[in-house]
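Secondary and tertiary structure notes
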Amino acid sequence: MAEKLDAVVVGAGPNGLAAAIELARSGYSVKVVEAMGEPGGGTHTKELTLPGFYHDQCSAVHPMGILSPFYRSLPLEDFGLEWLTTEASVAHPLDEGYAVMLYQSLDRTADQLTRADARVWRSIFRPFLKNPHGLIGDLLGPLNRIPKHPITMARFGMLSLWPARRLAMRMFDNERARALFSGCAGHSVLSLDHWMTSALGLIFALTAHVETWPVAKGGSGAIGQALSDYFVSLGGEIQCDERVASLNQLPDSRAVLFDLSPTVFADIARDALPKGYLKRLRRYHYGPGTYKIDWALDGEIPWRDHRVTTASTVHLGGTSAEIARSEKDAWEGRHNDRPYMILCQQSHADPTRAPVGKHTGYAYCHVPSGSDRDMTDIIEAQVDRFAPGFRDRILARHVTTPGDFEQFNPNYVGGAVTGGAAHLPQLFTRPVARFDPYSTPNRKLYMCSASTPPGGGVHGLCGYYAAQSAMRRLKAGKI
């Protein structure tokens, strides 16, 4: 008879691997079970278009990856992970032909703005840059933990409460600053008139002033590979090609952690959890879907402002009003013909992504959940708006619709790739309202996916905190 394991982790995404690593390095026996043919979840890299062009299937640029307190504690560089950067984190082109750049240097960024807006930008971010890692650690921690830097957190909280659209209009006089901030806030995948959407704008802008947003050399798949290789070096085991449909399929263990969406988890654990809790899991709100295009390109994108080529990420949406309208439309179930888009230029930082002289790139926009509308022409027209002649550079394209995302990974319900809506009702209660959000009414079962705090992003902290929750009971002998 096989020896009983301390823990089984279902799902080998970045959070599942993080949970497994934290348990294994604390001395517990752990096995990871993964439905796909390889670990990594949203950190996969494939030749989606043409031979020699390597594309990130989901996440591409990783501000939280390089800043994650958990990842910073791991020897991932010893397992092949290398971060590469460009000159700027973000470029935000405007119709005037000029792009506002988001640099690590606070002053270099502010100097592009009007004198009044430069003063405001500095006044917002300079206090947070005195101890940015301490603030980021507090911001990415669960809500049931007392912050280690309460005064800085309070300062951040006063700004973050505002809807991003309102904060941009109140704080800044000129469109350059308003658009730059709104583009960062657009990562929230929320209507920018929602309360607390400023938090995401502040966080993303702050991360760029701490570290230039990086890509992983060779592709985002290198992140999942490094995590899995490190876990195996600790004595852990990963079983791939094993889709779990029932708890009965799992090896005998004291605890089980699920790197899955709430609805998928509810289906698997339906016989082990109270009906009321299952009902709340199934009411979880995922938010808008994602429509993405990967391109193989015959050269650089011909941006009007050539400095845009020096940024790993480009926010395409024009003015702050256009961005707000686009995100509101997606949130309310409408398509927008000039959508806010996030475009990634990985090959500018990492030449291994494409043959010599060629480039890769991808862009995505937010669309209504489960949308089946073809957005290809709309997305490419939006790029062409700021880079005339872009379409002439396209050698091949690969489209991923919301349905394709969900087929690739059932956790991406309706094409939502960030673990679920981070709006105010759900921000503090994800996946359901519990003092320990990683625990469930069944002492043996835990959630560690991006549907738990602190939410989406390749940072591993959902898995780390879920493992801490499980270990408290394992150490106490309560499971």
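Because the structure is a prediction, the values reported are computed rather than measured. (Residues numbered from 1 in each chain as written. Predicted model: local features only at pLDDT ≥ 70, side-chain atom pairs only at ≥ 80, totals over all residues. Heavy atoms only, no water.)

Right, let's talk about the environment of Pro 410 for a bit. Tracing the sequence through the fold places Pro 410 in the loop between α16 (402-408) and α17 (424-427). Since its relative accessible area comes to 29%, Pro 410 is described here as partly exposed. Sequence spacing of Pro 410 and Tyr 28 is 382 residues, and the spatial spacing of their C-alpha atoms is 29 Å. Every residue in contact with Pro 410, bar those within four places of it in the chain, is listed here: Arg 243, Ser 261 and Val 264. (Helix = DSSP H or I, 4+ residues; strand = E, 2+ residues; numbered from the N terminus. Buried < 20%, exposed > 50% of the residue type's maximum accessible area, 1.4 Å probe, protein only. Contact = heavy atoms within 4.5 Å.)

So, about the packing of helix α1 (residues 14-25) against helix α18 (residues 461-476). In the contact formed by α1 and α18, the axes pass within 7 Å of each other and the chain directions differ by 40°. With respect to each other, α1 and α18 are oriented oblique. In the crossing of α1 with α18, the sense of the turn from one axis to the other is right-handed. Within the contact between the two elements, α1 uses Asn 15, Ala 18, Ala 19, Glu 22, Leu 23 and Arg 25 and α18 uses Leu 461, Cys 462, Gly 463, Tyr 464, Ala 467, Gln 468, Met 471 and Leu 474. (Axes fitted to C-alpha atoms, helices over the stretch in contact; angles between N-to-C directions. Parallel < 35°, antiparallel > 145°, perpendicular 65-115°, else oblique. Left-handed = near helix turned anticlockwise from the far one by under 90°.)

With respect to topology, seven strands assemble into an open sheet ordered β7-β6-β12-β13-β14-β11-β15, the strand pairing being mixed. Edge strands, defined here as strands with exactly one partner in the open sheet, are β7 (99-102) and β15 (394-400). The average undirected angle you get between the axes of adjacent strands in this sheet is 20°. Across three bridges, strand β6 (residues 88-93) lies against strand β12 (residues 311-316) in parallel orientation. Bridge pairing in β12 places Ala 91 opposite Val 314. Docked against the sheet, helix α8 (residues 175-185) engages β6, β7 and β12, running at close to 55° with respect to β7. (Pairing = 2+ DSSP bridges.)

Judged by nonpolar contacts, the single largest core of 92 residues is most densely connected at Leu 23, Val 30, Trp 121, Phe 125 and Leu 257. A per-element tally of this core places helix α9 (residues 197-210) first, with eight residues. Setting aside residues up to four positions removed in sequence, Leu 23 forms contacts with Ala 7, Tyr 28, Val 30, Leu 257, Ala 467, Met 471 and Leu 474. By size, the runner-up hydrophobic cluster in this structure holds 28 residues, among which are Tyr 103, Leu 297, Leu 316 and Ile 379. (Core = buried A, V, L, I, M, F, W, Y, C linked by side-chain atoms within 4.5 Å.)

Turning our eyes to something else, we now look at helix α15 (residues 376-386). Most of α15 is tucked away, with eight of its 11 residues classed as buried. Looking only at α15, the buried set comprises Thr 376, Ile 378, Ile 379, Glu 380, Gln 382, Val 383, Arg 385 and Phe 386.

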